[in-house]
Amino acid sequence: MLRIFRRRAGNTTVSETELARRLSTVDYRCTCCDEPAHLRHGPSLRPLGWADPPAPAPDEALDQPGDVLTENYARRGRDMLLRATLPLAIKGTDGHVMPQVWANLSTGDFARFRAAQGRGEADRLGDLAAWLYVRIPASSGPVLNKGVIVPVAGGHMPVFWITDPKHPLHAAQHHGGLSAQEVIALYRDLGATTFLQHLMQ
């Protein structure tokens, strides 16, 4: 068990079952403000090594030279990146949390994906070899781990699956998921303070 997944005493009065329900409910509304909490999407991570990235620009900005970050893509030097979700099953439910990560594709695969995504046909490409371009968990995750991008029909955000069994989240993604408390620990490690405030009310 990862160190960050050790439960902290007294961190919540909400039961494990209720936390799991909140995390897995797509349209969960916070009890403190009655606003959609979007807990299952978790935090949106910044690309590796980009300490203070700019606010996302429209995707068309990627056609300009230099480093750029858009709603769905980024260019960092020679690295071509796309935003993806990292599905992690929640134990005891049929749901997932899906924090947003960045993946590095080859120049050719990136161009193919972007063109097909614009047509809503990226799912016809099949799986694309990629590298995880974030550190997750933030305190202990390795960098540039192998995985695959799985495009989703209809132009929706693709999914990243970790294929390196040494990654600390590989087992959780492929074999049983995380408990609600482990998700909380992961969110805390990623600095998702606002998500946790809404979750624990």
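See the structure above.
J.: Quick rundown of the overall build of the protein? Include the residues and the values.
T.: A count of helices and strands for the protein gives 5 helices and 9 strands. When the helices and strands of the protein are placed in sequence order, the string is α-β-β-β-β-β-β-α-β-β-β-α-α-α. Looking at the protein as a whole, 44% of its 201 residues are labelled buried. Contacts in the protein between residues far apart in sequence, at least 24 positions, make up 57% of those at least 6 positions apart. Surface exposure of the protein reaches about 10200 Å², of which carbon and sulfur atoms provide 50%.

J.: So what about the packing of aromatic side chains? Which residues, and what values?
T.: Evaluated as defined, the whole model comprises 1 aromatic pair. Lying over the aromatic face of tryptophan 50, arginine 76 brings its terminal NZ or CZ to 4.7 Å of the ring centre.

J.: Any chance you could break down unusual backbone geometry for me, citing the residues and the numbers?
T.: With an omega of -5°, the peptide bond running from isoleucine 136 to proline 137 counts as cis. Examined against the element boundaries, proline 137 turns out to sit in the loop between strand S7 (128–132) and strand S8 (145–150).

J.: Break down a nonpolar patch on the surface for me, with residues and values.
T.: Together, Trp131, Val143 and Leu144 make up a nonpolar patch on the protein surface, roughly 240 Å² of accessible area in all. In this structure, valine 143 sits in the loop between S7 and S8. Classification of valine 143 by relative accessible area gives partly exposed; the value is 34%.

J.: Please give an account of the nonpolar core that cites residues and values.
T.: Leu23, Leu82, Val101, Leu105, Ile136, Ile149 and Phe160 are the most contacted members of the largest nonpolar core, which totals 49 residues. Not counting residues up to four positions away in its chain, the partners in contact with isoleucine 136 are Leu45, Leu86, Pro99, Gly141, His167, Leu169, Leu186 and Leu190.

J.: Outline helix H5 (residues 193–200), listing residues and values.
T.: Residue pairs spaced three or four apart in an α-helix point in one direction, given the helix's 3.6 residues per turn. Restricting attention to buried positions, one finds in H5 the residues Leu196, Leu199 and Met200. Down the axis of H5, the buried side of the element spans an arc of 85°, and every buried residue falls inside it.

J.: I'd like a rundown of the pattern of salt bridges, residues and numbers included.
T.: In the structure shown here, the tally under the stated rule is 7 salt bridges. With a closest N to O distance of 3.1 Å, aspartate 63 and arginine 114 form a salt bridge. Of this pair, aspartate 63 sits in the loop between helix H1 (16–24) and strand S1 (68–69) while arginine 114 sits in helix H2 (residues 107–118), and the two are 51 residues apart along the sequence. In this structure, arginine 76 and aspartate 67 form a salt bridge, with 3.5 Å as the shortest nitrogen-oxygen distance. Residue classification places arginine 76 among the partly exposed residues on the basis of a relative accessible area of 26%. Each of Glu18, Arg21 and Arg22 takes part in one network of salt bridges that share partners.

J.: Give me the lowdown on the pairing of S7, citing residues and values where you can.
T.: Of the two faces of S7, the one holding Leu128, Ala130 and Leu132 is buried and the one holding Ala129 and Trp131 is not buried anywhere. Pairing between strand S6 (residues 100–105) and S7: 2 bridges, direction antiparallel. Directly across from asparagine 104, in S7, lies its bridge partner tryptophan 131. Both S7 and S8 contribute to a ladder of 5 bridges, which runs antiparallel. Across the sheet, the residue bridging to alanine 130 is glycine 147, located in S8.

What counts, and at which threshold
Residues numbered from 1 in each chain as written. Predicted model: local features only at pLDDT ≥ 70, side-chain atom pairs only at ≥ 80, totals over all residues. Heavy atoms only, no water. Helix = DSSP H or I, 4+ residues; strand = E, 2+ residues; numbered from the N terminus. Buried < 20%, exposed > 50% of the residue type's maximum accessible area, 1.4 Å probe, protein only. Contact = heavy atoms within 4.5 Å. Areas by Shrake-Rupley, 256 points an atom, 1.4 Å probe, with all protein chains shown as cover. Phe/Tyr/Trp six-rings, centres within 6.5 Å; stacked < 30°, edge-to-face > 60°. Lys NZ or Arg CZ within 6 Å of the ring centre and 35° of its normal. Patch = residues over 30% accessible without salt bridge, like charges linked within 9 Å, V, L, I, M, F, W, Y side chains within 5 Å. Salt bridge = Lys/Arg side-chain N within 4 Å of Asp/Glu carboxyl O. Core = buried A, V, L, I, M, F, W, Y, C linked by side-chain atoms within 4.5 Å. Arc of directions from axis to C-beta. Pairing = 2+ DSSP bridges.

Any functional reading would require information that these geometric values do not contain.
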